[in-house]
Structure formats: C-alpha cells, structure tokens
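Understanding the architecture of this molecule
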Amino acid sequence: MNQLEILRFALRGLLANKLRSALTTLGILIGVAAVIMLVAVGEGSSQSIQKNIQRLGANTLTISPSFSGGGGGGGGGGRGGGFQGQNTGPRTQARQLSLADAKALTDRTLAPSVRTVSPVVSANASAAAYGGASHTISQLVGTYPSYFEATNKPVAKGTYFFNDDVLAARKVVVLGQTVVEELFGSVDPVGKQVSISGVPFTVVGVLKETGSTGGQDADDVAVAPLPAVQQSLTGFGTLNSIVVQATGAEATQAAQSEVTAILNQRHGITGDNPDYRLLNQATLQETVSQATGTFTVLLGAVAAISLLVGGIGITNIMLVTVTERTREIGIRKAIGAPRSAILGQFLLEATLLSLVGGLSGVLVAFAGTRVTVAGIQPVLVPSSVVLALGVSVGIGLFFGGYPANRAAKLRPIQALRHE
C-alpha cells in the first residue's frame, strides 16, 4: 500500500463523520487562534507603551512633586533608580517645585550633564473656542521652548514659540491636531486667534500628530509660554513638573545624579526621603520592556492550555474511531495490510485534523489582529504563528500516536470477532 492510498483511506475516514471531524478541528482552531491573538495583543500593548515612553526621549528626566514623604532613591543615579521618592511616611515640611528649582538645574558647574531644563505648569479641561466652534482641551501646558525638543513634540505647521515670547509673556499657543480639527476643521489655524478659558491666544503652530494610545488622545493638547499661562490661567504658584534633557542618552544617569544632588540641597533633604519623584525614561523603558515581555509570555502560556485541550480531544475522537472501525481494521489486516499502513492511516487522520485546525486558526487570528482590542492594536508576531502551527501538527502526531498504535496492534482474529 503506497502513501497515496494511505492518504485516500485517511480522508475517507475523516469525511465519513464530517460533524465529528469539524468539531475536533474547531478545538485546535480555537487553541491556535487564541495563542496567536493573545501574543499579538501582548506585543501590541508593549509597543504602545514603548511609544508613549519614547515620546519623551531616552535622555529625558521628569521631576514631579511628592508630598507624603519617601524613601529609597534620594541619592539616585544608580541603574534602576528610575523612580525616586516612593513614600513611606508623612512629611510635614515638603517643598513644592518652583521656578527657582528649575533655574538652579541650569547651572553648568553643578549640572554639566544637563542640556535643557523646562519648567511646566498645566491646566486640565480648558475650554477653547474659535468662531462658533468650541472644544475642551484635555491639557494646556505652560513651559519653555526647550520643552518641544525634550518631549519629542515637533511642529508640523507654523512654528513653536521662542524665548522672546516667554520673556514678553506673549499669549501665543501651539495646538495639537485634535484641537485643530475640533476648532478649525480644514481651515489653516496659524495666525488665527483662539479663546482659551476666555483668554485670547494667537496660534503660531500645530504639533505633529502622534495618535491615540490606550484610550488617551496625545494630540488633545495646547502648549503656550509659561508666563502667559501663569498670568492668565494658573497663577504664579508652584510647578507641576520639570522636564530635564540630558546632553545625551549615555549621560542620563550622570544627569540624574546631578539633578538629585541639587534638589536635595535646595530642599534640605539629608536622607533617602525626598519630597519629589524623579522619572528616568531610559530606566523606565527597560523596566517596562521586561514587564511586558513577561506579560506576553504569560498570555501565550494561558492560551496554550486550549491547544492541550484540543489535543486531548483528538485522542478521544481517534479512540472512538478505532473502536468503531475495529472490524474494518481486522478485514484489512486479514487480507494482508501491513501494520505500518494501519498505523500511518490513523496517524495521518489525526495530523490532518490538527493541521486543518491550525491553518484555520492562523487565518482567524490574522483577521483578529486587524481589530483594535481595548484601545490596543494587536501586532502579529511571526514566530508565534510558526510556533502555534508547528505545535498543532505536533499535537496531531503526539495525541494521535496512542490510538494509531492501538489500531495497528489489533490481531485480525480479535478484530473480526468484534461486534
């Protein structure tokens, strides 16, 4: 009996019970599709988080106030010191971040690794209007021109504001794409005057579109000179944060140590109990990469359980098939069919079931990755497709081995007596 005849017998056996074969294939399909889809969701989530972090650049430090005490990180600068000021107890004399703190960080003698310093104040949910259109801006930022480069916010149209605008407290603003679309539609906004919380600002530029991730619209933002925002909206109080740009990615850790030393001295911090948090983008990116990698592996492992269940289903169905066709096996062996032909037929049947299910699962998963899941666009990982398909075929061979071997070992006389 040649291989073609074995294949013909295997196909005939599967088609004799179409519904049963289809249901068995469905188990493998679900398992393969689940593995590929969950790994794709994990990869998409990882890339989404990485993009958010990269927007601030690998050589950027973000300082924000912390008023409930802290510990671990005040002396900062070591690798893994991505977060500083994780709190352990109440603090009664915590100092807020001030413009004087930001100016102190620009001292080239004390902080030679610092390239730029951008003090930041922000106002959330600011009402903006132009003509008959209105829109609530998610975040209005008041800062210095260096903020655009430090946070990787290039201007697509017009220009950003300059140091002269800051010194003169001019009411000019750079808008995000979402704000422009809501207020101006297809009209060029550059040079137009927009009202923000009742205060007129002249639009000088439009930020390059960055897109939405995780349900948050990064383009729903407006950036204006710090004094203009303080005069009109927030008042001359404390800063919400300070964005520090190091001279290079390799100098980020040195800049972190220098910034920590300056702030500790200014705020009178002597131990590991700072009243601020310092976020190192490079360290955070590395930490997040490790965490999301583990998360993706975990998702794949959970989905692999369904593949195992599908394999058990193949074993069950093939055992039933062997029992149903015992007399057929006995007749074939009695007229001279070799053991290898019987073994090959049932192995081939199990493998075909898993292969068809695996290929169908790949197609379903490919279609699934075109759909956004909870604000995350899944990213197909080629290695997961190859692995899932290979495992599905291996499952057919492994789980079909026992029923096939059982069929091949049947003695003709016993098989013919079977009712």
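Just so you know, these numbers come straight off a predicted model, no measurement behind them.

This next bit is on the packing of aromatic side chains. Aromatic ring pairs are defined here through the distance separating the ring centres and the angle between the ring planes. Summed over all chains, the structure comprises five aromatic pairs. Each ring, one from Y147 and one from F148, has its centre 6.4 Å from the other, and the planes form 75°; the classification is edge-to-face. The class of Y147 is buried, set by a relative accessible area of 9%. Considering the side-chain rings of F148 and F161, the 5.3 Å spacing of their centres and the 70° angle between planes classify their relative orientation as edge-to-face. Taken together, the positions of F148 in helix α4 (residues 146-150) and F161 in the loop between β4 (155-158) and α5 (163-167) put the pair 13 residues apart, joining distant regions of the chain.

Time to look at helix α8 (residues 252-267). With 16 residues, α8 should reach 22 Å at 1.5 Å per residue; the first-to-last C-alpha distance of 22 Å fits that figure. The complete set of buried residues in α8 reads T252, A255, Q256, E258, V259, T260, I262, L263, N264 and H267. Buried positions along α8 lie against β1 (60-65), α3 (99-104), β2 (114-130), β11 (241-246) and β12 (276-280). Remark: G268 follows α8 within two positions and exhibits a positive phi of approximately 70°.

Our next topic: the pairing of strand β5 (residues 172-175). A two-sided burial pattern is seen for β5, the buried positions comprising V172 and V174 on one face and V173 and L175 on the other. By the bridge criterion, four bridges tie β5 to strand β7 (residues 199-207) in an arrangement that is parallel. When the bridges of β7 are listed, V172 appears paired with T202. Where β5 meets strand β10 (residues 221-225), two bridges bridge the pair, whose relative direction is antiparallel. Across the sheet, V174 pairs through a bridge with V223, a residue of β10.

Okay, the pattern of salt bridges next. For side chains bearing opposite charge, pairing can occur when the charged atoms are close. The tally for this structure, following the rule as stated, stands at three salt bridges. Here D101 ties to R266 by a salt bridge, and the two come within 2.6 Å at their closest N and O atoms. Taken together, the residues span a long stretch of sequence, with D101 in helix α3 and R266 in helix α8 at a distance of 165 residues. Under the relative-accessibility criterion, D101 is labelled buried at 0%. Residue classification places R266 among the partly exposed positions, given a relative accessible area of 29%. Two residues, R115 and E149, come together in a salt bridge whose shortest N-O distance is 3.1 Å. One end of the pair, R115, is in strand β2; the other, E149, is in helix α4, with 34 residues separating them in the sequence. Here E149 falls in the partly exposed class, since its relative accessible area comes to 45%.

On the surface, L19, L23, L26 and I30 cluster together to form a nonpolar patch covering roughly 410 Å² of accessible area. Along the chain, the position of L23 falls in helix α2 (residues 18-54). Judged by relative accessible area, which is 53%, L23 ranks as exposed.

What follows covers the environment of Y160. Within the secondary structure, Y160 is located in the loop between β4 and α5. For the pair Y160 and V204, spaced 44 residues apart in the sequence, the C-alpha separation amounts to 6.5 Å. Excluding anything up to four places from it in sequence, Y160 contacts F148, V155, V174 and V204.

For the protein, per-residue confidence averages 79 on the pLDDT scale, and residues scoring 70 or more make up 82% of the total. When mean pLDDT is compared element by element in the protein, β5 scores highest at 95, while strand β8 (residues 212-213) scores lowest at 58. The model gives residues 70-92 a pLDDT under 50, and that stretch makes 73 contacts with residues more than four places away or in other chains.

Next up on the list: the nonpolar core. Ranked by size, the top nonpolar core spans 43 residues in total, and within it I63, L105, V173, V194, I242, V244 and V259 carry the most contacts. Among the elements that line this core, the one with the most residues is β2, at five residues. The contact partners of I63, leaving out residues within four places of it in the chain, are L97, L105, N240, S241, I242, V244, V259, L263, Y276, R277 and L278. Membership of the second largest hydrophobic core comes to 24 residues, among which are A303, M318, V385 and F399.

Within the secondary structure layout, S384 lies in helix α12 (residues 382-408). Sequence-distant contacts of S384, defined by excluding residues within four places in its chain, comprise I36 and V39.

Unusually for a residue other than glycine, A125 sits at a positive phi of about 55°. Here A125 is to be found in strand β2. Notably, A169 is not glycine yet its phi reads approximately 55°, a positive angle. In this fold, A169 is placed in the loop between α5 and β5. Residue classification places A169 among the buried residues on the basis of a relative accessible area of 13%.

What follows concerns the pairing of β2. Two strands pair when backbone bridges link them, and β2 and β11 are joined in this way by six bridges, in the antiparallel orientation. Looking at the pairing, S118 lines up with V243 of β11. Pairing of β2 with strand β3 (residues 133-143) involves nine bridges; the strand directions are antiparallel. Looking at β3, one finds that A127 is bridged to T136. Linking β2 back to β3 in an antiparallel pair, the connection comprises two residues, with G131 at a positive phi of about 60°.

The rules behind each value
- Residues numbered from 1 in each chain as written.
- Predicted model: local features only at pLDDT ≥ 70, side-chain atom pairs only at ≥ 80, totals over all residues.
- Heavy atoms only, no water.
- Phe/Tyr/Trp six-rings, centres within 6.5 Å; stacked < 30°, edge-to-face > 60°.
- Buried < 20%, exposed > 50% of the residue type's maximum accessible area, 1.4 Å probe, protein only.
- Helix = DSSP H or I, 4+ residues; strand = E, 2+ residues; numbered from the N terminus.
- Expected span 1.5 Å × (residues − 1).
- Contact = heavy atoms within 4.5 Å.
- Pairing = 2+ DSSP bridges.
- Salt bridge = Lys/Arg side-chain N within 4 Å of Asp/Glu carboxyl O.
- Patch = residues over 30% accessible without salt bridge, like charges linked within 9 Å, V, L, I, M, F, W, Y side chains within 5 Å.
- Areas by Shrake-Rupley, 256 points an atom, 1.4 Å probe, with all protein chains shown as cover.
- pLDDT = per-residue confidence, 0-100.
- Core = buried A, V, L, I, M, F, W, Y, C linked by side-chain atoms within 4.5 Å.

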